[in-house]
Amino acid sequence: MGIRDQGSGIRVFLLFSFFFLLSSCSTAPKITGDVYDTRKDAEVQLEQGTGQADRGNYAVALVFINEARRLAVITDNSSLLIRSDLSRGNVLFALGDTQEAVEAWNKAMEEAEFAGNKELAAVSRVHIARGKLLSRDAAQSVRDDVSRELVLIKSEELYIAFAWTVIGLAEKDLGRYDAAEESVKKALAIHVKAANLELAAYDWFMIASFRSLSGNSAGALKALESAIEYDRRTEN
């Protein structure tokens, strides 16, 4: 199954890697079987990139993620390409490059749909919905859209957490601060379970902002203390 890449009309070629061993009784080359070294390298690069992004090191994160995407193209691996584009869009969004972020998320969605990956297509649409929150009066439709997509996301808990975060941000824009906190706490539970303390800290920071907006200053301070505690545990 080919991966479609629209950049500069580049065609993606499937690369076959063969490793040969010489036995003591024969000089004939022998195929070792499936090789996934490059794919593993791409996964490592992507993990490094998302880790740097979680710590707010966006410029560094982009270097890792761009390399992960390059390797994803080489290996003709659709899942890797989709996830790389999603992460790349997140970093660009954090850097304020909204248009490029949306383009990356759209590429991920198109690839997921082409590959027939309904779950990652849903995840891609959640990311696109996140970008729509910058538009005025979009919160209601974003909340409803993401709630529908959430049903399709089953295998990856961190994507489920992201969906709940987007719902929480939409609820915040609607002025429903208790509902916003409830949604983000669902994301928080997943992040704590996964020991992703950077994201747990960010969850508490969002909860603090919700409480502050609702006039609950004391509660906001307690949430900030929780955010700082998680940050300290990761030396962030």
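This write-up is about the structure you can find in this document. Sequence positions are assigned chain by chain, starting from 1 and proceeding in written order. Note on the predicted model: pLDDT of at least 70 is required for a residue's local features to be given, and 80 or more for side-chain atom pairs to be given and counted; whole-chain, interface and lining totals, by contrast, use all residues. Excluded from the side-chain calculation are hydrogens and water; included are all heavy atoms of the structure.

1. Description of the overall build of the chain
Thinking step 1. Strands here are runs of E lasting at least two residues and helices are runs of H or I lasting at least four, both read from the DSSP assignment and numbered beginning at the N terminus. When you go through the chain residue by residue, the secondary structure sums to 10 helices and 0 strands.
Thinking step 2. Listing the helices and strands of the chain from first to last along the sequence gives α-α-α-α-α-α-α-α-α-α.
Thinking step 3. Out of the 236 residues in the chain, the part that is buried amounts to 42%.
Thinking step 4. Only heavy atoms enter the contact rule, under which two residues are in contact if any of them lie within 4.5 Å. Within the chain, contacts between residues separated by at least 24 positions form 54% of all contacts whose residues are at least 6 apart in sequence.
Thinking step 5. Accessible surface computed for the chain: about 13300 Å², of which carbon and sulfur atoms make up 52%. Note on classification: 1.4 Å probe, protein chains only; a residue is buried when its accessible area is under 20% of the maximum for its type, exposed when over 50%, partly exposed between these limits. Only the protein chains shown count as cover for residues, and the accessible areas themselves come from Shrake-Rupley with a 1.4 Å probe.

2. Brief notes about the side chain of E119
Thinking step 1. Along the polypeptide, E119 turns up in helix α5 (residues 118-132).
Thinking step 2. Within this scheme the basic residues Lys and Arg register as positive and the acidic residues Asp and Glu register as negative, but His and the chain ends are omitted. By definition, a salt bridge exists where a carboxyl oxygen of Asp or Glu is found within 4 Å of a side-chain nitrogen of Lys or Arg. Of the side chains with opposite charge, K154 lies nearest to the buried E119, which makes no salt bridge, at 8.3 Å.
Thinking step 3. In this view, E119 contacts L152, I153, K154, S155 and E156; residues no more than four positions away in its chain are not counted.

3. Here's the deal with the environment of G168
Thinking step 1. Among the structural elements, G168 can be located in helix α7 (residues 157-173).
Thinking step 2. Along the primary structure G168 and K185 are separated by 17 residues, whereas in three dimensions their C-alpha atoms are 8.9 Å apart.

4. Examining unusual backbone geometry
Thinking step 1. At D76, a residue that is not glycine, the phi angle is positive and equals roughly 55 degrees.
Thinking step 2. Counting through the fold element by element, D76 comes out in the loop between α2 (58-75) and α3 (78-94).
Thinking step 3. Residue classification places D76 among the buried residues on the basis of a relative accessible area of 17%.
Thinking step 4. Located in the positive-phi region is A195, a residue other than glycine, with phi close to 60 degrees.
Thinking step 5. For A195, a relative accessible area of 56% gives the class exposed.

5. Some words on a nonpolar patch on the surface
Thinking step 1. A residue counts toward a patch only above 30% relative accessible area and without a salt bridge, and it is joined to like-charged neighbours within 9 Å or, for Val, Leu, Ile, Met, Phe, Trp and Tyr, to nonpolar neighbours within 5 Å. Together, Y202, F205, L221 and L224 make up a nonpolar patch on the protein surface, roughly 390 Å² of accessible area in all.
Thinking step 2. Among the secondary structure elements, those contributing two or more residues to the nonpolar patch are α9 (197-213) and α10 (217-233).
Thinking step 3. Exposure remark for F205: the relative accessible area of 47% places this residue in the partly exposed category.

6. Quick notes on the packing of α2 against α3
Thinking step 1. Axis lines are fitted through C-alpha atoms, for helices just across the contact stretch, and the angle between N-to-C directions can take any value from 0 to 180 degrees. Relative to each other, α2 and α3 sit at 160 degrees, their axes nearing to 9 Å. Classified by the interaxial angle, the pair formed by α2 and α3 is roughly antiparallel. As for how α2 packs across α3, the hand of that crossing is left-handed. Of the residues in α3, those touching α2 at Y58, A61, L62, I65, N66, A68, R69, A72, V73 and T75 are L80, L81, S84, D85, S87, R88, V91, L92 and A94.
Thinking step 2. Ten residues, namely Ala, Val, Leu, Ile, Met, Phe, Trp, Tyr, Cys and Pro, are considered nonpolar, four, namely Asp, Glu, Lys and Arg, are considered charged, and the remaining ones, Gly among them, are considered polar. Taken together, the residues of the contact of α2 with α3 sort by class into 12 nonpolar, 4 polar and 3 charged. Relative orientations are named as follows: roughly parallel for angles under 35 degrees, roughly antiparallel for angles over 145 degrees, roughly perpendicular for angles from 65 to 115 degrees, and oblique for any other angle. For any helix crossing, the convention is left-handed if the near helix is rotated counterclockwise from the far helix by under a right angle, and right-handed if that rotation is clockwise.

7. Examining the environment of G89
Thinking step 1. Secondary-structure assignment places G89 in helix α3.
Thinking step 2. Spatially, the C-alpha atom of G89 lies 7.1 Å from that of E100, the residues being 11 residues apart in sequence.

8. Here's the deal with α7
Thinking step 1. Given a helix with a known number of residues, its expected span is that number minus one, times 1.5 Å. Taking 1.5 Å per residue as the helical rise, α7 with its 17 residues ought to reach 24 Å, and the 25 Å between its terminal C-alpha atoms agrees with that figure.
Thinking step 2. With 12 of 17 residues buried, α7 lies mostly within the body of the structure.
Thinking step 3. Listed in full, the buried residues belonging to α7 are Y159, I160, A161, A163, W164, T165, V166, I167, G168, L169, A170 and E171.
Thinking step 4. A side-chain oxygen of the first residue of α7 lies 3.2 Å from the backbone nitrogen of L158; this N-cap is E156.
Thinking step 5. Trailing α7 by a residue or two, G175 shows a phi angle of about 80 degrees, which is positive. N or O atoms closer than or at 3.5 Å make up a polar contact, with two conditions inside protein: a donor-capable atom paired with an acceptor-capable one, and, for residues adjacent in sequence, both atoms drawn from side chains.

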